[in-house]
Amino acid sequence: MPPDASSAGGHLRAWTYDDAASEPALPGGGDFWIYGLRVRSEIDLPGWPAASPAEPDVTVRREPVPGLDLDGPPYSARSVVEDGELRLAVRGVGRYSARGGAIIGVDADPGARGEDLRLYLTGVMMGTILHQRGSFPLHASCVALPSADGVAFAGRSGAGKSTLVAAMVRRGARFVSDDLCVMVPPASGQLRVWPGAARLKLDEAALSAGPGAETGLEPAGGNRGKYHLPMDAPRSHESPIPLGRVYILTDGAGPPRLERLSGLEAVAALVDETYFVSFAQALGLIPQVFRLAAVMAQSVRVSRLIRPRGLEYLPETAALIEQDEFRGESDQDAVEGRPA
Amino acid sequence: MSAEGSIALETVVSRNDEPVAVEVDRTVVMMSVDQGMYFGLEGTGPRIWALLERPRSVRELCDALVGEFAVDPELCRREVCTFLEELRRAQLVRFDDPARDAVRPPPRA
C-alpha cells in the first residue's frame, strides 16, 4: 500500500524497511486497460489487461521529476502540488508526477524494484489522475454476488477489504476489483464500476485462510508483506459492473452487524473513504469529490459493516453480506452538523 | 450584513456561496470546505433551501410555506425563524436587515 503522503505543503512519514524478494525495474511497456482508461505506459504493467493500440487517455513516461528532495528511511514519502500537478517522492522507489489527468511521469531511483514502482504508479498516481479527470475513485474492493449487484467494501489500508473479498470469492462471488472501486459517470439508471486487475493483495495471514498453500506468488510491492493472489479475470475489462451496495468496514467487537447510513452519513462516509482524498484536497477538488460521493449515495445503499478485523468472524461476515436486506430510514426535521 | 441581531419579518435571507449542496434521500446534504463540516437539511429544510435559490425576506418565505403546507401562519413563522437562525449559526446563510442597510433597496412588500 502507498503511504499516506498528504497535503499541498508536503508531509513526511516513516516506514520500516522490508527486505522481501525483489525484481529489477524492467524496461518494456505497452497499452493497458486501467479502470476504463487506455493507458500507454513505458513501464510494463503485468496483471493489467492489454489494450489494442489506439489514442491513449493516459500516458506513462519515464522522465526526470525535479524538485522533490527526500531523506528518511525507505518508503518515506513526500508530495507537493503546484499548478494542478501533483508530485510524489517515495524513498528507494522514485519520484512521480501526475498532471492534467493525462500524464504520469516516473523517475525511478537506481535499484528500485519493479513491484514497488508499479504499486505507486497504478495506485496513488492513477488515483490522482482519476481525481484530475473528474472521476470518483473509492478506496474499496468489489465483488459481484451470484444473486445480485456488485458490492464494494470500503476502508483504509489494513481494514480487511481484500481479506473479505477473498472470502466472498471462495463462496461463489465474482471478483471485480481490489483496492480501488472506480465509478463510471452515470448517464442514467444504475451506477457501475470498472473492473480492475484480476488479483488480490493479501498478506501471509490472509493467504493462510485460503483453501490451500499458495506458493510462488508475486510480491505486491511496498513494505506490508503482501502478495498478488491471482483471481479469475472479469468477462470484459471494457464492461463496467452494476454496483448496488457499499459497506464501510468499521472496527468493532463481537459478531458482525450492519448499520444503514442516512443520506448525510453516507455522503460523509464516502468522502472519507475516497482514495487519497488528501491529494484531491491539495488539488482543490474536494467540491468535486463531495458531488460525486453524493451521486454514489443517491444510487447505492451505504452501510457500516461493524466487525473485528482479522479472520475470526469472516464466514459470519460474508453470510451477513449475502443476506443483507433493505432497512427503512426515518425522517428528522432538523439541521445537523458533524465534523468532516 | 448584520452578523448579530434578531430576525424580523423583513430580514432578507441569502444563501452563502461557499457550501456545496446536493440532494440525497430527500435530504439536502452540504459540505463547507472552509469549515470542514457536513450539514444535512431534512423535513421542510430542503424546501426552504430551494426557496432561498434567490434572496427572500422571512415574510416571503413564510407566505410560500403557508401556501404549500397545512400549517398555522404564526407557528410557521416561529419555526422558520428558529431554523433560519440555525442556518446562520452554521454559516450557511446570511441575514440582511434592510432597515439598517441604507445602501440596499427595501424588498418589495
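No experiment lies behind these values; they were computed from the predicted model shown.

Peer 1: Any chance you could break down the overall build of chain B for me, citing the residues and the numbers?
Peer 2: Looking only at helices and strands, chain B features three helices and six strands. Seen in sequence order, chain B has helices and strands lined up from the N terminus as β-β-β-β-α-β-α-α-β. A separation of at least 24 residues holds for 58% of the contacts in chain B among residues at least 6 apart in sequence. With the model as given, the accessible surface of chain B reaches about 5800 Å², and the carbon-plus-sulfur share is 51%.

Peer 1: Go over the pairing of strand S2 (residues 37-41) of chain A, please, and point to the residues and values.
Peer 2: All names here are of chain A. For S2, the tally of buried residues reaches four of five residues, placing the bulk of the element in the interior. Bridge analysis of strand S1 (residues 30-34) against S2 gives five bridges, and the strand direction is antiparallel. Counted as the bridge partner of Ile-34 is Leu-37 from S2. Linking S1 to S2, which pair antiparallel, is a turn of two residues; within it Tyr-35 sits at a positive phi near 50°. Across three bridges, S2 lies against strand S3 (residues 58-62) in parallel orientation.

Peer 1: Could you give an account of helix H4 (residues 263-272) of chain A, with specific residues and numbers?
Peer 2: In terms of burial, H4 of chain A is a largely internal element, eight of the 10 residues being buried. Those residues of H4 of chain A that fall on the buried side of the exposure criterion are Gly-263, Leu-264, Ala-266, Val-267, Ala-268, Ala-269, Leu-270 and Val-271 of chain A.

Peer 1: How would you explain helix H2 (residues 161-170) of chain A if you had to name every residue and give the values?
Peer 2: Residue and element names in this part refer to chain A. With respect to burial, H2 is a largely interior element, eight of its 10 residues being buried. Along H2, the residues that are buried comprise Lys-161, Ser-162, Thr-163, Leu-164, Val-165, Ala-166, Ala-167 and Met-168. The positive-phi residue at the C-terminal boundary of H2 is Gly-172, with phi of around 115°.

Peer 1: I'd like a rundown of the sheet that holds strand S14 (residues 218-219) of chain A, residues and numbers included.
Peer 2: Strand pairs in the sheet, formed through backbone hydrogen bonds, run parallel or antiparallel to each other. Residue and element names in this part refer to chain A. Pairing is antiparallel in the open sheet, where three strands are placed in the order S13-S15-S14. Both outer strands of the open sheet, strand S13 (199-203) and S14, are each paired with one neighbouring strand and no more. In this sheet, strand S15 (residues 226-230) lies alongside S14 in antiparallel orientation, the contact comprising two bridges. Bridge pairing in S15 links Pro-219 to Tyr-227.

Peer 1: Describe the sheet that holds strand S5 (residues 56-57) of chain B, with residues and values.
Peer 2: Residue and element names in this part refer to chain B. Across the sheet, which stays open at both edges, the three strands sit in the order S5-S1-S6 with antiparallel pairing between neighbours. Edge strands, defined here as strands with exactly one partner in the open sheet, are S5 and strand S6 (93-96). When strand S1 (residues 12-15) meets S5, the two strands line up antiparallel, connected through two bridges. Its bridge partner being in S5, Val-13 is matched across the sheet by Arg-56. Those strands touched by helix H3 (residues 73-89) are S1 and S6, and its axis lies near 115° from that of S6.

Peer 1: Quick rundown of the packing of H4 of chain A against helix H6 (residues 286-299) of chain A? Include the residues and the values.
Peer 2: Residues and elements named next belong to chain A. Interaxial distance between H4 and H6 falls to 8 Å at its minimum, and their mutual angle equals 125°. It follows that H4 is oblique to H6 by the angle criterion. In the crossing of H4 with H6, the sense of the turn from one axis to the other is right-handed. Here H4 contributes Ala-266, Val-267, Leu-270 and Val-271 to the contact with H6, which in turn contributes Val-289, Phe-290, Ala-293, Ala-294, Met-296 and Ala-297. Residues of the contact of H4 with H6, tallied by class, amount to 10 nonpolar, no polar and no charged.

Peer 1: Any details on the packing of aromatic side chains? Residues and values, ideally.
Peer 2: The relative placement of two aromatic rings is captured by the distance of their centres and the angle of their planes. Enumeration according to the criterion identifies six aromatic pairs over all chains in this entry. When the ring of Phe-276 of chain A is compared with that of Phe-279 of chain A, the centres are 5.1 Å apart and the planes differ by 45°; the resulting orientation is tilted. The pair formed by Phe-276 of chain A and Phe-279 of chain A is uniform in burial state, with each residue classed as buried. When the ring of Phe-290 of chain A is compared with that of Tyr-38 of chain B, the centres are 6.3 Å apart and the planes differ by 25°; the resulting orientation is stacked. Here Phe-290 of chain A, found in helix H6, pairs with Tyr-38 of chain B, found in strand S4 (residues 37-41), and the two come from separate chains. Note on Tyr-38 of chain B: relative accessible area 1%, which makes it buried. A network of ring pairs unites the aromatic residues Tyr-275, Phe-276 and Phe-279 of chain A as a single cluster.

Peer 1: Would you mind going over the environment of Gln-298 of chain A in detail, with residue names and values included?
Peer 2: On the secondary structure map, Gln-298 of chain A appears in helix H6. For Gln-298 of chain A and Ser-278 of chain A, which are 20 residues apart along the polypeptide, the C-alpha to C-alpha distance reads 24 Å. Excluding its chain neighbours within four sequence positions, the residues that come into contact with Gln-298 of chain A are Glu-23 and Val-24 of chain B.

Peer 1: Could you give me a rundown of unusual backbone geometry, with the residues and numbers involved?
Peer 2: One non-glycine residue, Asp-83 of chain A, adopts positive backbone phi at about 50°. Note that Asp-83 of chain A resides in the loop between strand S4 (77-82) and strand S5 (85-90). Overall, the relative accessible area of 84% leaves Asp-83 of chain A in the exposed class. Its identity is not glycine, yet Arg-26 of chain B carries a phi of approximately 60°, on the positive side. Its place among the elements puts Arg-26 of chain B in the loop between strand S2 (20-24) and strand S3 (27-32). Classification of Arg-26 of chain B by relative accessible area gives exposed; the value is 54%.

Reading guide: rules and limits
Residues numbered from 1 in each chain as written. Chains lettered and ligands numbered in written order. Predicted model: local features only at pLDDT ≥ 70, side-chain atom pairs only at ≥ 80, totals over all residues. Heavy atoms only, no water. Helix = DSSP H or I, 4+ residues; strand = E, 2+ residues; numbered from the N terminus. Contact = heavy atoms within 4.5 Å. Areas by Shrake-Rupley, 256 points an atom, 1.4 Å probe, with all protein chains shown as cover. Buried < 20%, exposed > 50% of the residue type's maximum accessible area, 1.4 Å probe, protein only. Pairing = 2+ DSSP bridges. Axes fitted to C-alpha atoms, helices over the stretch in contact; angles between N-to-C directions. Parallel < 35°, antiparallel > 145°, perpendicular 65-115°, else oblique. Left-handed = near helix turned anticlockwise from the far one by under 90°. Nonpolar A, V, L, I, M, F, W, Y, C, P; charged D, E, K, R; others polar. Phe/Tyr/Trp six-rings, centres within 6.5 Å; stacked < 30°, edge-to-face > 60°.

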